[in-house]
Structures are given as structure tokens and as C-alpha cells.
Amino acid sequence: MNDTDSPIKVTHDDVSWIASLVTIGCILGALFGGIFSDCFGRKKTIIFASIVFCSGWICIARADTLEKILIGRVLTGLASGSYSSAVQVYLCEVTSPSIRGVSGALPTLMVSLGILCIYCIGSISEWQTAAYVCSFFPIFVLVYTLCLPESPVWLIAKGRQPEALRSLAWLRNDREEAEQECMRLQYLKERLQGKISLRKSCSRFTELSVLKPLGIGIAMFFFQQFSGIYPIIFYATLIFNYANNWLNDSLQTIALGFIRAFATFVALFLVKFFPRKTLLIVSGLMMSFSTGILGGYFYLREEMAGDTGNSTEFSKQIVVELNSQSLEWVPLACLLLYIASFSFGIGVIPW
């Protein structure tokens, strides 16, 4: 879209809006997706989000103005946010407790594979073609979801026990186990029925036993979202273009996507053998180290390009020392380390 022959001319501010509007849609999608999921079911929410997702990509592919692209980005953000809330809950409710930890990380792995796919498609085709290709994936999700049963937990909550039993029988492939689990869910519902009110639910947020894990969870996701991962994903090609090294910008971006997908896959096994706290600490330290080196590299490169007037004698000496060195590999190495560190720690564990 930044090319001179692009049918839609955009400025740097326009590119920022295109990149950021999807996250605004995600916020709204996660909020309304959760409400929709509770009212109409996880399955229907995923189906509806798939339709919105497909519509958003088609809107982008057929766009002839900037406004239509922005609308498409908002729609894909809404659908993505709805997916994130409904899919995670659905997975937790249909999987066995023994594999719930691994299954909880699967959506992150799928997101990584999706990013890798769009990096590859974008490197060999125009953005319109890439948008058309992306519009087919929600259709696959829609068709696949139609073949799945509704969440048994949601069905029990709505008083639809026979359907919940059929759903569990299909999921567990064992009628006896399904009946036992259905009875357990029904018992839990009856035990809690009448004991939970809006006032009691709100009053629980004043209890330390609730505030502690809630605060930890909010902090984890805050640091995850504000770690810089999405600006790097959205602007990866532009960063490599600015770095101006010997490798093709698209190839470097694809390498970034591959490392994220691979590291996320490795994380599925790491979380079973290493303490989560240790992985988070290592992940955070390596992310800080890599972004610090990357920031220092670009700062010194600006110094090499010309004195900004704020240079210290120490920085000038470093510039003289590094001027004769070939450091074009630094941006790629730093971003690969950053993406890998994010993917095996803070990118997976909070979920």
C-alpha cells in the first residue's frame, strides 16, 4: 500500500490508523463477544464472528477508498475479539482437565501460524489478493464449528440437560463417562443456584482472595499487551526496511513469523516441565535485553548518519569504533530473540 502504484494513496498517519483500528475492534469484540456467548452460546458466537470476519476481509479486498479499509479493519477486529473470548471459553469447557493447560495455549499457536501465513502470502501477492485469501479461513471455521456440539457447561447452565449429555457423549466418546460428568455439572449448578446474586458477586471483589488473583491476571495481561509485540508484528516489514540491510524485507518478516510459531509450539512442552514463574522471568529479561540492543543500534545509526547536536564524547567514540564494523544483522537478530522470548513466556502463560 506504500508503493507508488497502489490504487489507494496513504500517508504515515493513515498507516497508523490501519494498523491500530483492529485493536480497538478487538476491545469491543471481546466485551460484546463475552455477553453474546453467555446469552446465545459459544458455538453461535463463533459462527457469527466468522461471518463478521469474512465480511471484514472482503470489505478490505474490495476497498477503493481508505474509509472502506478502515471499516474492514474494525470488522476484523470485532470478530477477532469475539473469537478470543468465545474460543478460549469453549476449549476450557469441552476439554478434559488433563490437557486443559496445553489446549489453553493452542489459540496462541494458531495465531502465530496465522501471522506466518499472512506474512508469506503478503510477500508474493498484492494486499487485495491477501485479503481475499484471508476471507476463506473464517468460512472454514464456520463450517467446522457447525459440525461441533455446543458447550455442555453452557447447556447445563441453560437447563438443557439432554443436549448437554449428547454433547458430552460426542466429546468423550464414552457414554458412562459422559453421564458422570453431566451429573457432576448438574450438581454444581443446583448447588450454586439461588446462592449467587449480583450483589453477592460484586461484593466478592472486595475480598482479598479474589483481588489477589484478579490483580495478578490484570497485571500479566497489561504487561503482555504493552510489551510492544503488536507494533512489532504490524510494522515488522517497515522496521526491516528502515534497517536497510542486505536481506529482503519480506524474507526477514517471514523469518520473524516462523520463529514466533516455532517458539509457541515449543512453549506447549516447556509449560509442562518448567515453572511458569521461571519462564516469565526469563522471557521478560530476554525481551528487555533484545529491545534495548535494538534501540541502541538505531540510536547509534542515527549518530553515524550525522551529529544530532546531543552527542556525548562517549557516544561519538562508540560510533567511530562501530563505523568500521558490519552490524546490519543486529535488527534481525534482536527481533528474532524478542519474538522467541515473548512466545515461550509472556505470550502464552497468561492465557
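See the structure shown above.
What this report covers is the structure whose coordinates are included nearby.

Here we come to the packing of aromatic side chains. The final tally for this structure, using the stated rule, is seven aromatic pairs. When the ring of Phe222 is compared with that of Phe226, the centres are 4.4 Å apart and the planes differ by 25°; the resulting orientation is stacked. Their ring planes at 10° and their centres at 6.3 Å tell us that Phe258 and Phe262 sit as a pair that is stacked. Pair noted here: Phe258 and Phe262 are both in helix H13 (residues 249-273), with a separation of four residues, about one helical turn. A connected cluster of aromatic rings, assembled from ring pairs, spans Phe36, Phe40 and Phe48.

A few words on the pattern of salt bridges. One pass over the structure, following the stated rule, counts five salt bridges. Across the pair Lys68 and Asp64 runs a salt bridge whose closest N-O atoms are separated by 3.1 Å. The class for Lys68 is partly exposed, based on a relative accessible area of 36%. Look at the salt bridges and you will find they share partners, linking Asp38, Arg42 and Glu93 into a network.

Next up on the list: the side chain of Thr264. For Thr264, the location among the structural elements is in helix H13. What makes Thr264 buried here is its relative accessible area of 0%. A polar contact of 2.7 Å, which involves the side chain of Thr264, links it to the backbone oxygen of Arg260. Non-local contacts of Thr264, meaning those with residues more than four positions away in its chain, are made with Thr108, Leu109, Ser112, Ser343 and Val348.

Here helix H2 (residues 42-61) spans 29 Å end to end across 20 residues, near enough to the 28 Å set by a 1.5 Å rise per residue. With 14 of its 20 residues buried, H2 lies for the most part within the structure.

So, about the nonpolar core. Formed by 23 residues in total, the largest nonpolar core has its most connected members in Tyr119, Ile229, Ile232, Leu256, Leu335, Tyr338 and Ile339. Broken down by secondary-structure element, the contributors of at least two residues to this core are helix H4 (100-124), helix H11 (229-234), helix H12 (236-243), H13, helix H14 (276-305) and helix H16 (330-344). The element best represented in this core is H16, accounting for seven residues. Beyond its immediate sequence surroundings of up to four residues, Leu335 is in contact with Ile232, Ile239, Phe240, Leu256 and Leu294. Ile18, Ile46, Phe53 and Ala131 belong to the second-largest nonpolar core, a separate cluster that totals 22 residues.

Viewed as axis vectors pointing N to C, helix H1 (residues 12-40) and H2 meet at an angle of 135°, and their least axial separation amounts to 7 Å. By the angle between their directions, the pair H1 and H2 is classed as oblique. The segment H1 lies against H2, with Gly33, Phe36, Ser37, Asp38 and Phe40 engaging Arg42, Lys44, Thr45 and Phe48. Looking at the contact of H1 with H2 residue by residue, the class counts come to three nonpolar, three polar and three charged.

A separate point is the packing of H1 against helix H3 (residues 66-94). Where H1 meets H3, the axes come as close as 6 Å, and the angle between the chain directions of the two elements is 35°. Pair H1 / H3 crosses with right-handed handedness. A breakdown of the residues in the contact of H1 with H3 according to their chemical character gives 13 nonpolar, eleven polar and two charged.

Moving on: the side chain of Arg42. Considering the arrangement of structural elements, one finds Arg42 in helix H2. Arg42 sits in the buried class, given a relative accessible area of 6%. A polar side-chain atom of Arg42 sits 3.1 Å from a polar atom in the side chain of Asp38. Other than its neighbours up to four places away in sequence, Arg42 contacts Ser37, Ala86, Val89, Tyr90, Glu93, Glu150, Ser151 and Trp154.

Attention now moves to the environment of Gly29. For Gly29, the position within the fold is in helix H1. A relative accessible area of 2% means that Gly29 is categorised as buried. In this structure, the C-alpha to C-alpha distance between Gly29 and Thr76, residues 47 residues apart in sequence, is 9.3 Å. Setting aside its immediate chain neighbours within four residues, Gly29 contacts Gly34, Leu78, Gly81 and Ser82.

Right, let's get into H1. Taking 1.5 Å as the rise per residue, H1 with 29 residues should run 42 Å; its terminal C-alpha atoms sit 41 Å apart, in good agreement. A bend of about 30° at Ser20 is the largest found in H1. Residues Asp14, Val15, Ile18, Ala19, Leu21, Val22, Gly25, Gly29, Gly33 and Ser37 constitute the buried set of H1. Following H1 by one or two positions, Gly41 adopts a phi angle in the positive range, close to 105°.

Criteria and thresholds
- Residues numbered from 1 in each chain as written.
- Predicted model: local features only at pLDDT ≥ 70, side-chain atom pairs only at ≥ 80, totals over all residues.
- Heavy atoms only, no water.
- Phe/Tyr/Trp six-rings, centres within 6.5 Å; stacked < 30°, edge-to-face > 60°.
- Helix = DSSP H or I, 4+ residues; strand = E, 2+ residues; numbered from the N terminus.
- Salt bridge = Lys/Arg side-chain N within 4 Å of Asp/Glu carboxyl O.
- Buried < 20%, exposed > 50% of the residue type's maximum accessible area, 1.4 Å probe, protein only.
- Polar contact = N/O pair within 3.5 Å; in protein donor to acceptor, adjacent residues only side chain to side chain.
- Contact = heavy atoms within 4.5 Å.
- Expected span 1.5 Å × (residues − 1).
- Core = buried A, V, L, I, M, F, W, Y, C linked by side-chain atoms within 4.5 Å.
- Axes fitted to C-alpha atoms, helices over the stretch in contact; angles between N-to-C directions.
- Parallel < 35°, antiparallel > 145°, perpendicular 65-115°, else oblique.
- Nonpolar A, V, L, I, M, F, W, Y, C, P; charged D, E, K, R; others polar.
- Left-handed = near helix turned anticlockwise from the far one by under 90°.
- Bend = angle between axes of the 7 residues up to and from the residue.

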